[in-house]
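Listed below are the residues making up each chain.
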Number of protein chains: 2
Amino acid sequence: WPQPRDPTGPVPWRLMGRRYAVLGTGAIGGLYGARLAAAGHDVHFLARSDLDHLRTDGLTVESVYGDVRLDTPSVWDDPTEMPEVDVVLVAIKTTANDQLPRLLGPFDRPGTTVVMLQNGLCVETLAADIAPSAEVLGGLCFTCSNRVAPGHIRHLDYGSVTLAAHHRDGGAAGITSALEAVASDLESAGVEVVRAPDLGVARWRKLVWNMPFNGLSVLLDATTDELIADPATHDLAAQLMDEVCAAAEACGSPLGGSTRDDMLELTRTMRSYATSMKLDAEAGRRLELDAIYAAPLDAARRAGAPAPRLETLHAQLRFLDSRRR
Amino acid sequence: WPQPRDPTGPVPWRLMGRRYAVLGTGAIGGLYGARLAAAGHDVHFLARSDLDHLRTDGLTVESVYGDVRLDTPSVWDDPTEMPEVDVVLVAIKTTANDQLPRLLGPFDRPGTTVVMLQNGLCVETLAADIAPSAEVLGGLCFTCSNRVAPGHIRHLDYGSVTLAAHHRDGGAAGITSALEAVASDLESAGVEVVRAPDLGVARWRKLVWNMPFNGLSVLLDATTDELIADPATHDLAAQLMDEVCAAAEACGSPLGGSTRDDMLELTRTMRSYATSMKLDAEAGRRLELDAIYAAPLDAARRAGAPAPRLETLHAQLRFLDSRRR
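Keep in mind the model is a prediction, meaning the values are calculated, not measured. (Residues numbered from 1 in each chain as written. Chains lettered and ligands numbered in written order. Predicted model: local features only at pLDDT ≥ 70, side-chain atom pairs only at ≥ 80, totals over all residues. Heavy atoms only, no water.)

Caption draft 1: Highlighting the relation of the copies chain B and chain A. With an RMSD of 0.0 Å, chain B superimposes on chain A once it is rotated by 180° and translated 0.0 Å along the axis. With respect to symmetry, the two chain copies, as superposed, fit the operation of a two-fold axis. Relative to the rotation axis, the C-alpha of Arg309(B) is the closest in chain B, positioned 2.7 Å from it. Taken together, the interface assignments show that 100% of the residues at the interface of chain B recur at the interface of chain A, consistent with an identical surface on both copies. (Least-squares fit on C-alpha atoms with pLDDT ≥ 70 in both. Contact = heavy atoms within 4.5 Å.)

Caption draft 2: Layout of the packing of aromatic side chains. Counted according to the given criterion, the structure contains two aromatic pairs over all chains. The ring of Phe142(A) carries the charged tip of Lys206(A) above its face, separated from the ring centre by 5.0 Å. (Phe/Tyr/Trp six-rings, centres within 6.5 Å; stacked < 30°, edge-to-face > 60°. Lys NZ or Arg CZ within 6 Å of the ring centre and 35° of its normal.)

Caption draft 3: The arrangement of unusual backbone geometry in detail. Residue and element names in this part refer to chain A. Positive phi, close to 75°, is recorded for Cys122, a residue that is not glycine. As for its position among the elements, Cys122 is in the loop between β7 (113–116) and α4 (123–130). Using a relative accessible area of 38% as the deciding quantity, one classes Cys122 as partly exposed. The phi angle at Asp221 is positive, at roughly 50°, despite the residue not being glycine. On the secondary structure map, Asp221 appears in the loop between α6 (199–219) and α7 (224–229). (Helix = DSSP H or I, 4+ residues; strand = E, 2+ residues; numbered from the N terminus. Buried < 20%, exposed > 50% of the residue type's maximum accessible area, 1.4 Å probe, protein only.)

Caption draft 4: View of the interface of chain B and chain A. Listed as interface residues are 24 residues of chain B and, on the opposing side, 24 residues of chain A. Taking both partners together, chain B and chain A bury about 1,900 Å²; carbon and sulfur atoms supply 63% of that area. Considering only the side of chain B, the residues that lose the most area to chain A are Leu220(B), Gln316(B) and Phe319(B), jointly responsible for 31% of the buried surface there. Taken together, chain B and chain A are joined by four salt bridges. Residues Arg309(B) and Glu311(A) are paired through a salt bridge, measuring 3.2 Å at the closest nitrogen-oxygen approach. Counting across the chain B and chain A interface gives seven residue pairs in polar contact (both at pLDDT 80 or more). (Buried area = accessible area lost by both parts, 1.4 Å probe. Salt bridge = Lys/Arg side-chain N within 4 Å of Asp/Glu carboxyl O. Polar contact = N/O pair within 3.5 Å; in protein donor to acceptor, adjacent residues only side chain to side chain.)

Caption draft 5: Spatial organisation of the nonpolar core. If you look at the biggest cluster of nonpolar residues, it comprises 96 residues, and the most contacted ones within it are Trp204(A), Leu220(A), Tyr293(A), Trp204(B), Leu220(B) and Tyr293(B). Look past the residues within four positions of Tyr293(B) in its chain and what remains in contact with it is Asn210(B), Met211(B), Pro212(B), Asn214(B), Gly215(B), Met277(B), Glu288(B), Leu310(B), Leu313(B), His314(B) and Leu317(B). (Core = buried A, V, L, I, M, F, W, Y, C linked by side-chain atoms within 4.5 Å.)

Caption draft 6: Main features of the pairing of strand β9 (residues 152–165) of chain B. Residues and elements named next belong to chain B. Of all 14 residues in β9, ten are buried; the element is thus mostly enclosed. For strand β3 (residues 59–63) and β9, the ladder comprises four bridges, and the chain directions are parallel. Each bridged residue has a counterpart across the sheet, and for Thr60 the counterpart in β9 is His152. With twelve bridges joining them, strand β8 (residues 135–149) and β9 adopt antiparallel strand pairing. In the sheet register, Gly139 faces β9, and the bridge partner there is Leu163. The pairing of β9 with strand β10 (residues 193–196) spans four bridges and is classified as parallel. Paired with Leu163 across the bridge in β10 is Arg195. The parallel pair β9 and β10 is bridged by helix α5 (residues 177–188), and the resulting crossover is right-handed. (Pairing = 2+ DSSP bridges. Right-handed = clockwise from strand over helix to strand, strands pointing away.)

Caption draft 7: Spatial organisation of the confidence of the model for chain A. Of the residues in chain A, 95% have a pLDDT of 70 or more, and the chain-wide mean is 93. Within the model, the stretch residues 1–15 of chain A combines pLDDT values under 50 with 26 contacts to residues more than four positions away or in other chains. (pLDDT = per-residue confidence, 0-100.)

Caption draft 8: Quick peek at the packing of helix α8 (residues 231–250) of chain A against helix α12 (residues 308–324) of chain B. Taken N-terminus to C-terminus, the directions of α8(A) and α12(B) make an angle of 145°; their axes are 8 Å apart at the nearest point. For α8(A) against α12(B), the interelement crossing comes out left-handed. Residue-level contacts link Ala232(A), Thr233(A), Leu236(A) and Gln239(A) of α8(A) to Glu311(B), Thr312(B), Ala315(B), Gln316(B), Arg318(B) and Phe319(B) of α12(B). Across the contact of α8(A) with α12(B), the residue classes break down as four nonpolar, four polar and two charged. (Axes fitted to C-alpha atoms, helices over the stretch in contact; angles between N-to-C directions. Left-handed = near helix turned anticlockwise from the far one by under 90°. Nonpolar A, V, L, I, M, F, W, Y, C, P; charged D, E, K, R; others polar.)

Caption draft 9: How the structure looks around the state of the cysteines. Overall, the coordinates contain zero disulfides over all chains when judged by the stated rule. Here Cys144(A) stays unpaired: no disulfide links it, and the sulfur of Cys141(A), its closest cysteine neighbor, is 13 Å away. Overall, the relative accessible area of 10% leaves Cys144(A) in the buried class. The thiol sulfur of Cys251(B) is not disulfide-bonded, and the nearest other cysteine sulfur, from Cys122(B), lies at 8.8 Å. (Disulfide = S-S within 2.5 Å.)

Caption draft 10: Inspection of the environment of Ala128(A) at higher detail. Residue and element names in this part refer to chain A. Mapping Ala128 onto the fold places it in helix α4. Note: C-alpha distance between Ala128 and Val114 (14 residues apart in sequence) is 8.6 Å. Those residues in contact with Ala128 that lie beyond four places of it in its chain are Val136, His166 and Arg168.

Caption draft 11: Spotlight on the pairing of β3(B). Residues and elements named next belong to chain B. With burial as the criterion, only one face of β3 is covered, namely that bearing Leu59, Val61 and Ser63; the residues Thr60 and Glu62 on the opposite face remain uncovered. Of the pairings in the sheet, the one linking β3 to strand β4 (residues 68–70) comprises three bridges and is antiparallel in character. For Leu59, the partnering residue across the bridge sits in β4 and is Leu70.

Caption draft 12: Just the pattern of salt bridges, in detail. Residue and element names in this part refer to chain A. Evaluated as defined, the whole model comprises 52 salt bridges over all chains. Note that Asp221 is salt-bridged to Lys278, the shortest N-O span being 2.9 Å. Of this pair, Asp221 sits in the loop between α6 and α7 while Lys278 sits in helix α10 (residues 276–282), placing them 57 residues apart in sequence. Among the residues examined, Lys278 registers a relative accessible area of 7% and is labelled buried.

Caption draft 13: Expanded view of the side chain of Thr25(A). Residue and element names in this part refer to chain A. Looking at where Thr25 falls in the secondary structure, it is placed in the loop between β1 (19–23) and α1 (27–38). Given the relative accessible area of 8%, Thr25 is considered buried. For Thr25, the contacting residues outside a window of four places in its chain are Gly30, Phe45, Leu46, Ala47, Asp50, Leu54 and Ile153.

Caption draft 14: Molecular detail of helix α9 (residues 259–269) of chain B. All of the buried residues in α9(B) are Thr259(B), Met263(B), Leu264(B) and Thr267(B). The arc enclosing the buried residues of α9(B), seen along the axis, measures out at 130°, which places them on a common side. (Arc of directions from axis to C-beta.)

Here it is as structure tokens:
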């Protein structure tokens, strides 16, 4: 891994680093892809709705941590025509994961690393099924970033990525060399990286925050600071977090006793913040209910962990999501 | 009871029937008060915001079961000045129950019957504390009625009243003579009456419907037919009903095994219908959360019946209600 796999390739500076494919050019793919490209990595974007705009007008990331502008990004519309890459960043919404066999399948080669920059649970299992020869990582993004127009990302706050390797048995995979390689590339691009030894723990820990606040922010049309300031929703969020922690533990990913209080404290100190699901709802996009609710609730059920409050949220969100379509 | 208590009173036709005070001239007080008056009963209204309008323009009830028009209703603004009455119909919203000592207190006399035409649980206990000499009945209205303008009620559907006597010990009081008297007056006014021997059972049975559908209709901005047609909210409503039934049983008011399925079937066959709480929300009124959620959830908690889904709804509704004020 430390050396490029294809030193005889046509691009000489390919020797300098790894080549990336970024699937999806929205708030996440646009942000991290642009930063990697600006740091000198060879980045190829697979785009859909923003394809023409990216080709003619480039990619703009307006960011609190410094703007990035790619005048002529390498943009593709067909994954089978893209060059061989070392790393695939999967940054489409989970609501489009039915497209993943077509989009990710062509990159399935030994030595390739697939990084799932997606929300929810079980997305790495899906990727590992589609690309069985690749090594799969989870990439958990803690950022407030928005696609405000075609080819135009607005990055408002935060930005760290937690990387954790997927283990086919579901257990802790530790810090693999593939993980270390992607981590160092992201760090070279100015992105803060947390290396996590256990993907399950990392995924469930993020759900402790996402399951209460994504759902409540949509259902109550509220920002996180409003939800944490009101005693009723503060206590409900705490109870919802307790259910996620209990489910995580039952699923073999114990989170540590202070997780709930840490998350509540984090939320109290955060700026007023619309969750990603709230942004999806406002933009009329489908809600990521399968990844953020159905998959973890299914895992909890199979592990015998009751989650009645989370199930209540999930049913309410299903209703809203069905009615809007 | 069968004879008027005061045959020497100043109004000769007082001999003909019972005298009523109706506290509140909204959707419920206006509807039933007008029907009793139209049937020849001596009805005195205590009004607040609609006072002037009722005195100058009278009371209009537009109803699917026949319009009623009172040109010169007897309207009062001070309960201490109102004549002695046999029956007090309490038809203010429970959100104004902090006013009840002032409004109901003056009617506390032996021989008086107080009928609580309110939603929720424990409102009869409150009335019995304020009027310890009176006999207290619960009056559970199953109606779709709206105050569309001052002195103007629109009665869209249904209209039956379930009467049940309050027992100071909380048990079943049976069919008392006071209950029978009010029932026969309402029936003489064309109102369908159900005589219920056990107030707790009657109140909890109504909550089996109200707790799921009032809350969900507000939270999801939905009508009952939308909620029952969607599989996610259908199943959630069923689970919420199960929690209410379990709470009722734990509180000594077992409802019978088919209650949930009966209520779901009833909802399926109902016309599209905005719940009373939805109408309150749309009109910017306070939501009746203490009576419909806090009181039954408090009773459930004391009886050891878990109700996590109902508590979730309650917390969400508290947030909405606080924010709107």
